[in-house]
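Spelled out from the first residue to the last, the chains are:
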Amino acid sequence: MLTKSKKFKLSQKEIERISNEILNLKKEKNAIILAHYYQELEVQDIADKIGDSLGLSQVAKDVQDADTIVFAGVHFMAETAKILSPSKKVLIPDPRAGCPMANQCTPDIVKAAREQHGEDIPVVVYVNTTAETKAVAYVTCTSSNAPIVVKNLGSKKVLFGPDRNLGLFVQKQLPDVEVIPIPEDGHCIVHKRFSVEAINEHLKRYPDAHIIAHPECNIEIQEMADFVGSTSGLRKYGRETDAKVIIVATEKGLVDRLNRDIPEKNFILAKDTAICRNMKKITIENLRDSLLYEQYEIIIPKEIQDKAKKAILRMFELT
Ligand code: 13P
Ligand code: SF4
């Protein structure tokens, strides 16, 4: 049964108790847990692998020993795992954990863009899309490989969606390619919240701070950043930089993780409202229930699954 996301923080003792239940269930069901960096720390802590979209899809593709994959992330990520590992049971602890951006580029939008700009222009879609949209695309990309995917296509024009900001990030690096956004204004509601003003306020207090940003941020934020990259890329930069204070323009989960893993540095969330409520629908309680009741299984029609798989595998081939 679907329950409301928890309102109160669990005590450390309760977290330990539920985590132990999860460990036992994982063994019993021969399951592995994959978690995205935007998950709460207690969810990340119980996972077998944590990562960005690309890293987690690579893990899902290569899973051999487990029968079940429980995905602590949003729906398109669990779908990607199912597409890449069709013989496994893939579960998402709360099917309502959707990514609003994933619904912004429908197959109809892709079809209309092809009719308008030319059927021969390759369609590149961000993994933050539904399986149906991936099925009508030529290739997928993630925030960590979008420029290289587009470059290696060798086309003078590409149709690119849904994230306009990621498209602009690609365009800046590949000025000889025309990157046409589909739709016009696809975006992430969480990354839209970062503002130049809020970052400048932090800079007043920490003038030597470095700024790091996810490519889903608006272009003005990308331009003022010392580094722009995927969640894994941001984590790597955070570890390696000599800067002691780092202003981070991405979701809170990654910032929490960085502050815990690297206590000698101060990572500041560039805007305190940058919390993805969909990612946070996954809790250790519904993760436990997901294993216990083997819910909620990702089911994708075979035809869609096969077509979407081609677009995802092409991404791996191109990079
Ligand atoms: P990453 O692939 O960088 O982890 O990003 C996924 C995402 O949804 C960012 O909002
Ligand atoms: Fe989607 Fe944005 Fe949440 Fe990432 S942060 S899952 S793009 S809504």
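Throughout what follows, the structure given in this document is the object of discussion.

Criteria and cut-off values
Residues numbered from 1 in each chain as written. Chains lettered and ligands numbered in written order. Predicted model: local features only at pLDDT ≥ 70, side-chain atom pairs only at ≥ 80, totals over all residues. Heavy atoms only, no water. Phe/Tyr/Trp six-rings, centres within 6.5 Å; stacked < 30°, edge-to-face > 60°. Helix = DSSP H or I, 4+ residues; strand = E, 2+ residues; numbered from the N terminus. Buried < 20%, exposed > 50% of the residue type's maximum accessible area, 1.4 Å probe, protein only. Near = heavy atom within 4 Å. Nonpolar A, V, L, I, M, F, W, Y, C, P; charged D, E, K, R; others polar. Pairing = 2+ DSSP bridges. Axes fitted to C-alpha atoms, helices over the stretch in contact; angles between N-to-C directions. Polar contact = N/O pair within 3.5 Å; in protein donor to acceptor, adjacent residues only side chain to side chain. Areas by Shrake-Rupley, 256 points an atom, 1.4 Å probe, with all protein chains shown as cover. Contact = heavy atoms within 4.5 Å. Core = buried A, V, L, I, M, F, W, Y, C linked by side-chain atoms within 4.5 Å.

## A word on the packing of aromatic side chains
Now for step 1: A full pass over the atoms with the stated rule returns one aromatic pair.
Now for step 2: Ring geometry for phenylalanine 227 and tyrosine 237: centres 5.1 Å apart, planes at 10 degrees, overall stacked. Taken as a pair, phenylalanine 227 in strand E10 (residues 227-228) and tyrosine 237 in helix H11 (residues 231-240) lie far apart in primary sequence, ten residues in all.
Now for step 3: Judged by its relative accessible area of 26%, phenylalanine 227 falls in the partly exposed class.

## Description of the site of ligand 2
Now for step 1: The environment of ligand 2 is made up of Tyr38, Val74, Cys99, Pro100, Asn128, Cys188, His191, Glu216, Cys276 and Met279.
Now for step 2: For the shell around ligand 2, the per-class residue count stands at seven nonpolar, two polar and one charged.

## Concerning the sheet that holds strand E3 (residues 68-72)
Now for step 1: The strand order across the open sheet formed by four strands is E2-E1-E3-E4, and the pairing between neighbours is parallel. Among the strands making up the open sheet, the edge pair consists of strand E2 (49-51) and strand E4 (89-91). Here the average twist between neighbouring strands, direction ignored, is 20 degrees.
Now for step 2: Inspection of the sheet shows strand E1 (residues 31-36) paired to E2 by three bridges, in the parallel sense. The residue bridging leucine 34 from the neighbouring strand is lysine 49, located in E2.

## Some words on the site of ligand 1
Now for step 1: Taken together, His36, Tyr38, Asp52, Ser53, Asn128, Ser143, His191, His214, Glu216, Ser230 and Thr231 are the residues near ligand 1.
Now for step 2: For ligand 1, an oxygen atom lies 3.2 Å from a polar atom in the side chain of asparagine 128.
Now for step 3: Contact between ligand 1 and glutamate 216: an oxygen atom at 2.8 Å from a side-chain N or O atom of the residue.
Now for step 4: In the complex, 96% of the free accessible area of ligand 1, which totals 300 Å², lies under the protein chains.
Now for step 5: Taken together, the residues that form the shell around ligand 1 break down as one nonpolar, eight polar and two charged.

## A word on H11
Now for step 1: Those residues of H11 that fall on the buried side of the exposure criterion are Thr231, Gly233, Leu234, Arg235, Tyr237 and Gly238.
Now for step 2: Check the buried side of H11 and you find it contacts E1, strand E9 (210-213), E10, helix H12 (252-261) and strand E12 (266-269).

## Observations concerning the nonpolar core
Now for step 1: In this structure, Ile22, Ile33, Val124, Val150 and Phe160 are the most contacted members of the largest nonpolar core, which totals 99 residues.
Now for step 2: No other element matches the six residues that helix H4 (residues 75-84) contributes to this core.
Now for step 3: If you look at the next biggest cluster of nonpolar residues, it comprises ten residues, including Cys105, Ile121, Val125 and Ala137.

## As for helix H13 (residues 284-293)
Now for step 1: The set of residues buried in H13 consists of Ile284, Asn286, Leu287, Arg288, Ser290 and Leu291.
Now for step 2: Elements in contact with the buried residues of H13: helix H1 (12-29), E1, helix H2 (41-46), E3 and E4.
Now for step 3: The positive-phi residue at the C-terminal boundary of H13 is glutamate 294, with phi of around 50 degrees.

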